[in-house]
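Results of the structural survey
Here are the chains, one letter per residue:
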Amino acid sequence: MRISSSAFLGALLLVSGVAPVPAGPEPPKPTPTPAMKPLRDGQRDFDFLIGKWKYHLKRLQNPLTGSTTWIEFDGVGDCRPIWKGNAQIDELDVNGPSGHIQGLTLRTYNPVSRQWNLNWANAADGALGTPPTIGSFKDGRGEFYDMEAFKGRMILVRYEWTRTTTSSPHFEQSFSDDGGKTWEVNWITDQVRVKE
């Protein structure tokens, strides 16, 4: 007669004076992690900016100081696609009481991460700002972030694009010096399309 190993183990424990421990419920099986949704292809998300524009720009005079003084500018801009639409050059030329701003935004699309890299340059120094501000659009709203030095401190920078399906898109730049808990808007641009 053959004795099963579990019966033998129970008998051994009984002889040794150790009461067998009843088997508990089976541990729950791990829930499989749901597959991530495929990333949306956003390589045409900035097409709404292609063309000529009239600009009204407001810039906070002294960001992150409690300042409430805004300087306003008016001017024109022109956005052109390059790399068969996977990148753009966007030029800005505005004037205001504090002077003239000539700016350029180079936008490039990364088809792997499905995110845009936004690089700003000002004619005053001719250098592309680093690092690029990176992000994407969801439901017609674009959010883009970077971390950069401002007056010797590292801060978070956020760009937001809204009203992208209208003839007057809206842009805001904000700074955060507390890790993103609070944001202060310091640059606002409203554009109106110039009909060809």
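Right above here is the structure, for reference.
Note that the structure is a prediction, hence the values are computed from the model and not measured.

So, the environment of Lys54
Looking at the element boundaries, Lys54 is found in strand β1 (residues 51-60). In this structure Lys54 comes out as exposed when scored by relative accessible area, which is 54%. With 137 residues separating them along the chain, Lys54 and Gln191 place their C-alpha atoms 5.6 Å apart. Ignoring anything within four residues of it in the chain, the contact list for Lys54 reads Gly75, Val76, Asp190, Gln191, Val192 and Val194.

Brief notes about the sheet that holds β1
Strands sit in the order β1-β2-β3-β4-β5-β6-β7-β8-β9-β10 around a closed barrel of ten strands; the barrel is antiparallel. Pairwise comparison of adjacent strand axes, ignoring direction, gives a mean angle of 25° for this sheet. Note: strand β4 (residues 99-110) against strand β5 (residues 115-122), eight bridges, orientation antiparallel. Bridge assignment links Arg107 to a residue of β5, and that residue is Leu118.

Some remarks on the pattern of salt bridges
Evaluated as defined, the whole model comprises eleven salt bridges. Here Glu160 and Arg158 are joined by a salt bridge, their closest N and O atoms 3.4 Å apart. The same class applies to Glu160 and to Arg158, which are both buried. Among the ionic pairs, Asp190 bridges to Arg163, the shortest N-O distance being 2.9 Å. Of the two residues, Asp190 is situated in strand β10 (residues 184-193) and Arg163 in the loop between β8 (153-162) and β9 (170-176); the sequence distance between them amounts to 27 residues.

Rules of the game
In this convention, every chain numbers its residues from 1, walking through the sequence in written order. It should be noted that, the model being predicted, local features are given only for residues of pLDDT at least 70 and side-chain atom pairs only at 80 or more, the latter also being counted only at that level, while totals for whole chains, interfaces and linings use all residues. Note that water and hydrogens are dropped before the side-chain values are worked out from all heavy atoms of the structure. Where helices and strands are cited, they refer to DSSP runs of H or I of at least four residues and of E of at least two residues respectively, numbered from the N terminus. Relative accessibility thresholds used throughout: buried, under 20% of the residue-type maximum; exposed, over 50%; partly exposed, between the two (1.4 Å probe, protein chains only). Between two residues, a contact is recorded if the distance between any of their heavy atoms is within 4.5 Å. Should DSSP find at least two bridges between two strands, the strands are regarded as paired. Lines fitted to C-alpha atoms define the axes, with helix axes restricted to the stretch in contact, and inter-axis angles between N-to-C directions lie between 0 and 180 degrees. When a carboxyl oxygen of Asp or Glu lies within 4 Å of a side-chain nitrogen of Lys or Arg, that pair is called a salt bridge.

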